[in-house]
Amino acid sequence: NAGVTQTPKFRVLKTGQSMTLLCAQDMNHEYMYWYRQDPGMGLRLIHYSVGEGTTAKGEVPDGYNVSRLKKQNFLLGLESAAPSQTSVYFCASRRSAEETQYFGPGTRLLVL
Amino acid sequence: GENVEQHPSTLSVQEGDSAVIKCTYSDSASNYFPWYKQELGKRPQLIIDIRSNVGEKKDQRIAVTLNKTAKHFSLHITETQPEDSAVYFCAASTTGGGADGLTFGKGTHLIIQP
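Presented here is a report on the structure given in the accompanying data block.

Describing the interface of chain B and chain A
In step 1: At the interface, 20 residues of chain B touch 20 residues of chain A.
In step 2: Of the roughly 1,700 Å² buried at the junction of chain B and chain A (both faces included), carbon and sulfur atoms supply 53%.
In step 3: Scanning the region where chain B abuts chain A turns up 1 salt bridge.
In step 4: Close ionic contact of Glu99(A) with Arg51(B) constitutes a salt bridge, the shortest N to O distance being 2.8 Å.
In step 5: The interface formed by chain B and chain A holds 5 residue pairs in polar contact (both at pLDDT 80 or more) in total.
In step 6: A per-class count over the side of chain B that touches chain A returns 8 nonpolar, 6 polar and 6 charged.

Shown next, in the form of structure tokens:
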């Protein structure tokens, strides 16, 4: 039981490049979330999903797109990376009947 | 939307003393309040949580109190130890069927002085 995993662990992009971050969970959780963490800002919600094929915007969705084609996977896409998207990205998941969110190990992204 | 304020941003205490971190929230509909501990370079880990139908909850050296009327909740750590040094985040959300994510405070860097 690996819990919540994220790939890659670290990535450097140039401005304008695109990439996809992958989150996977093996706990059969219905809900999945993407957060970003910046120094002194805490974690902020980007997008979330209540189930396969459904997504919704969070607090800071601009510049990101997401997809949930399979229940266990939640993808976060950056179509045209900007330096302001330099951050640590955390994925989380939880059961619909419980409040506890379980976090992945994070992806550190640097946009030059 | 929800807004969570957390104080202080840095807290330094002597080993063995108690530490208190305070948070306020703005949305009266919020009913779930978790606390996460994050060590450098690691993921946030849930240490304790409280729901709005409870005023206080304890787990060994850690306790959380909630005042719904004043919209604030606090984390209390007693008999602090070096391994308590970390960044602590409070958060709030509205549950009861919704999938809303957590709104986090900006964090408190707790330093335990030997």
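Some thoughts on the pairing of strand E5 (residues 45-51) of chain B
All names here are of chain B.
In step 1: With 6 bridges joining them, strand E4 (residues 32-38) and E5 adopt antiparallel strand pairing. Bridging across to E5, Tyr 36 finds its partner in Leu 46.
In step 2: The turn joining E4 and E5, which pair antiparallel and follow one another in sequence, is formed by 6 residues; a positive phi near 80° is taken by Gly 41.

What to know about the nonpolar core
In step 1: Counting residues in hydrophobic clusters, the biggest one holds 24 residues, and the most contacted among them are Trp35(B), Phe73(B), Leu75(B), Tyr88(B) and Leu110(B).
In step 2: Secondary-structure elements contributing two or more residues to this core are strand E2 (10-14), strand E3 (19-25), E4, E5, strand E7 (62-67), strand E8 (72-77), strand E9 (86-92) and strand E11 (108-113) of chain B.
In step 3: Grouped together as the second largest cluster of nonpolar side chains are 20 residues, Met19(A), Cys23(A), Tyr89(A) and Val111(A) included.

Some remarks on unusual backbone geometry
In step 1: Residue Thr7(A) is joined to Pro8(A) through a cis peptide bond whose omega torsion reads -5°.
In step 2: Structurally, Pro8(A) is set in the loop between strand E1 (4-7) and strand E2 (10-13).
In step 3: In this model, His7(B) is joined to Pro8(B) through a cis peptide bond whose omega is -5°.
In step 4: Mapping Pro8(B) onto the fold places it in the loop between strand E1 (4-7) and E2.
In step 5: With phi around 55°, Lys71(B) is a residue other than glycine that occupies positive phi space.
In step 6: Mapped onto the elements, Lys71(B) comes out in the loop between E7 and E8.
In step 7: For Lys71(B), a relative accessible area of 26% puts it in the partly exposed group.
In step 8: A positive phi angle is found at Glu79(B), which is not glycine, with a value near 45°.
In step 9: The topology assignment puts Glu79(B) in the loop between E8 and E9.

A closer look at the state of the cysteines
All names here are of chain A.
In step 1: All told, the structure shown has 2 disulfides over all chains when counted by the stated rule.
In step 2: Two residues share a disulfide in this structure: Cys 23 and Cys 91, whose sulfurs sit 1.9 Å from each other. Disulfide Cys 23-Cys 91: the torsion about the S-S bond is -70°, which places it as left-handed. Separated by 68 residues along the polypeptide, Cys 23 in strand E3 (residues 19-25) and Cys 91 in strand E9 (residues 87-94) bring together distant segments of the chain.

So, the packing of aromatic side chains
In step 1: Overall, the coordinates contain 14 aromatic pairs over all chains when judged by the stated rule.
In step 2: Taken together, a centroid distance of 4.9 Å and an interplanar angle of 50° make the contact between Phe33(B) and Phe73(B) tilted. Pair noted here: Phe33(B) is in strand E4 and Phe73(B) is in strand E8, with a separation of 40 residues, a long-range link.
In step 3: According to the relative accessible area criterion, Phe33(B) is buried, its value standing at 0%.
In step 4: Relative to Phe104(B), the ring of Phe89(B) lies with its centre 6.3 Å away and its plane at 85°, an arrangement referred to as edge-to-face. Here Phe89(B), found in strand E9, pairs with Phe104(B), found in strand E10 (residues 103-104); they are 15 residues apart in sequence, far enough to count as distant. Here Phe89(B) matches Phe104(B) in class, with each residue buried.
In step 5: Taken together, the aromatic side chains of Tyr33(A), Tyr35(A), Tyr48(A), Phe90(A), Phe103(A), Tyr36(B), Phe89(B) and Phe104(B) make up a single cluster linked through ring pairs.

How each quantity is defined
- Residues numbered from 1 in each chain as written.
- Chains lettered and ligands numbered in written order.
- Predicted model: local features only at pLDDT ≥ 70, side-chain atom pairs only at ≥ 80, totals over all residues.
- Heavy atoms only, no water.
- Contact = heavy atoms within 4.5 Å.
- Buried area = accessible area lost by both parts, 1.4 Å probe.
- Salt bridge = Lys/Arg side-chain N within 4 Å of Asp/Glu carboxyl O.
- Polar contact = N/O pair within 3.5 Å; in protein donor to acceptor, adjacent residues only side chain to side chain.
- Nonpolar A, V, L, I, M, F, W, Y, C, P; charged D, E, K, R; others polar.
- Pairing = 2+ DSSP bridges.
- Helix = DSSP H or I, 4+ residues; strand = E, 2+ residues; numbered from the N terminus.
- Core = buried A, V, L, I, M, F, W, Y, C linked by side-chain atoms within 4.5 Å.
- Buried < 20%, exposed > 50% of the residue type's maximum accessible area, 1.4 Å probe, protein only.
- Disulfide = S-S within 2.5 Å.
- Phe/Tyr/Trp six-rings, centres within 6.5 Å; stacked < 30°, edge-to-face > 60°.

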